[in-house]
Amino acid sequence: MDTDGALIERSVRGRPDAFVEVVRRHEVAVHGFLARRAGGQAADDLLGEVWVRAFAARGGYDPGHADARPWLYGIARNVLRACWRARRDTGPAAAEEAVDPWDDVVDRLDSAARARLLAAAVAALPAAEREALLLVAWEQLTPAEAAAALGVPQGTVRSRLHRARSALRPVLAPIPESAEEKK
Amino acid sequence: MTDERADAEGAGLLRALGQVAPPAPGVLEAAREALWSAVAEEMLSAGQTGPAGGAGRARAAGTDRSRDGTERRRTEPGP
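Conventions and cut-offs
Residues numbered from 1 in each chain as written. Chains lettered and ligands numbered in written order. Predicted model: local features only at pLDDT ≥ 70, side-chain atom pairs only at ≥ 80, totals over all residues. Heavy atoms only, no water. Helix = DSSP H or I, 4+ residues; strand = E, 2+ residues; numbered from the N terminus. Polar contact = N/O pair within 3.5 Å; in protein donor to acceptor, adjacent residues only side chain to side chain. 1 Å grid on protein atoms, 1.4 Å probe; cavity = no way out; pocket = protein on both sides within 12 Å on 5 of 7 lines; lining within 4 Å. Points joined across faces, edges and corners; volume = space filled by probe spheres on them. Nonpolar A, V, L, I, M, F, W, Y, C, P; charged D, E, K, R; others polar. Buried < 20%, exposed > 50% of the residue type's maximum accessible area, 1.4 Å probe, protein only. Contact = heavy atoms within 4.5 Å. Buried area = accessible area lost by both parts, 1.4 Å probe. Salt bridge = Lys/Arg side-chain N within 4 Å of Asp/Glu carboxyl O. Phe/Tyr/Trp six-rings, centres within 6.5 Å; stacked < 30°, edge-to-face > 60°. Lys NZ or Arg CZ within 6 Å of the ring centre and 35° of its normal.

Peer 1: Where do I start with the side chain of A:R77 in this structure?
Peer 2: Counting through the fold element by element, A:R77 comes out in helix α4 (residues 69–88). Reaching out from A:R77, the side chain makes a polar contact with the side chain of A:E131 at a distance of 2.5 Å.

Peer 1: Teacher, can you tell me more about the layout of surface pockets here?
Peer 2: One way to see where empty space is left: roll a probe the size of a water molecule over the atoms. Residue and element names in this part refer to chain A. Each pocket or cavity is described by its volume, and for the second largest pocket that value is around 160 Å³. What lines the second largest pocket is Y61, H65, A66, D67, A68, P70, W71, A144, E145 and A148. Elements with a contribution of two residues or more to the lining of the second largest pocket: α4 and α8 (143–150). For the lining of the second largest pocket, the element with the most residues is α8, which contributes three residues. When grouped by side-chain class, the residues that make up the lining of the second largest pocket number seven nonpolar, one polar and two charged.

Peer 1: Sorry if this is basic, but what is going on with unusual backbone geometry here?
Peer 2: Keep in mind that most residues, glycine aside, have a negative phi and that most peptide bonds are trans. Residue and element names in this part refer to chain A. Positive phi is not limited to glycine here, since Q140 has a value of about 60°. Tracing the backbone through its elements, the reader meets Q140 in the loop between α7 (127–137) and α8. For Q140, a relative accessible area of 46% gives the class partly exposed.

Peer 1: It is not clear to me how the interface of chain B and chain A should be interpreted in this structure. Could you clarify?
Peer 2: The figure often quoted for interface size is the accessible area lost as the parts come together. Each partner contributes residues to the interface: chain B has 27 residues there, and chain A has 39 residues. Summed over both sides, the interface between chain B and chain A buries roughly 2900 Å², with carbon and sulfur atoms accounting for 71% of that surface. Of all residues in chain B, the largest losses of buried area upon contact with chain A belong to B:L14, B:L17 and B:L35, amounting jointly to 22% of the total for that side. Here B:R32 and A:E27 are joined by a salt bridge, their closest N and O atoms 2.8 Å apart. Connecting chain B to chain A are four residue pairs in polar contact (both at pLDDT 80 or more). At the level of elements, α1 (3–17) and α2 (27–45) of chain B are the ones that each hand at least two residues to the side of chain B that touches chain A. Considering every element that reaches the side of chain B that touches chain A, the biggest residue donor is α2(B), with 11 residues.

Peer 1: Got a minute to help me understand the packing of aromatic side chains in this structure?
Peer 2: To describe a pair of aromatic rings, one takes the distance between the centres and the angle between the planes. Residue and element names in this part refer to chain A. The tally for this structure, following the rule as stated, stands at four aromatic pairs over all chains. On the basis of an interplanar angle of 15° and a centroid distance of 4.9 Å, the ring pair of F33 and Y73 is categorised as stacked. With F33 in helix α2 (residues 19–38) and Y73 in helix α4, the pair connects residues that are 40 residues apart, well separated along the chain. Residue classification places F33 among the buried residues on the basis of a relative accessible area of 2%. Here a set of aromatic residues connected by ring pairs shows up, and it is made of F19, F55, Y61 and W71. Here the basic side chain of R58 rests over the ring of F55, its NZ or CZ set 3.9 Å away from the ring centre.

Nothing here speaks to function; it is geometry throughout.
Dropping the structure here:
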């Protein structure tokens, strides 16, 4: 079976329809990426835009990368940010926090107490740490793949992951033990 | 709780928080339609008719038929 890289290279070299196979391979995953961050309706609306942007940008893809998923997540992330900017009418120079969708995500989360605690702790993370963490936890990317999706060095992602996990550990401490400590 | 156990439990909880429903029927196909429009445009601008016997040709032909259909509707008499 051809790698994503081979298919994308073929699509650049006179067979643009080869790109559709790449989309078929990853469409459920990319829809999930969008849905987890913006809700199902927004994912439905934005998925086509991701494919069109990816198709237009495929000439810059390194065919040596067999799996296109990190690259596609990076494009989906840019599409989401553009959408949030447009919705909030904040202008192109808005800070990253101004387009942070986490409040919307929290609203969709399970109401179980521990899940809410964890969600609150994740919400309190700096956006850059949260993005790195969720690319690994939700999209099952390796740190190297998450770095590719975010366009930052691997070491940066590893540092962000370390800080994020350290920040979440207190939330994950067993509740009975905490009660015992108070006695 | 050790750091490793906390990380493992945290990863499990986070995965649970990230569960979403699969796309509804037709959503993926609709998104692919947007892509096919871009693909067909590039193929047409390059003077291609699509790969012999492949899905590309079928889609390119389908695109042409749609365009023809639109043109036919335009020639239909109005009410």
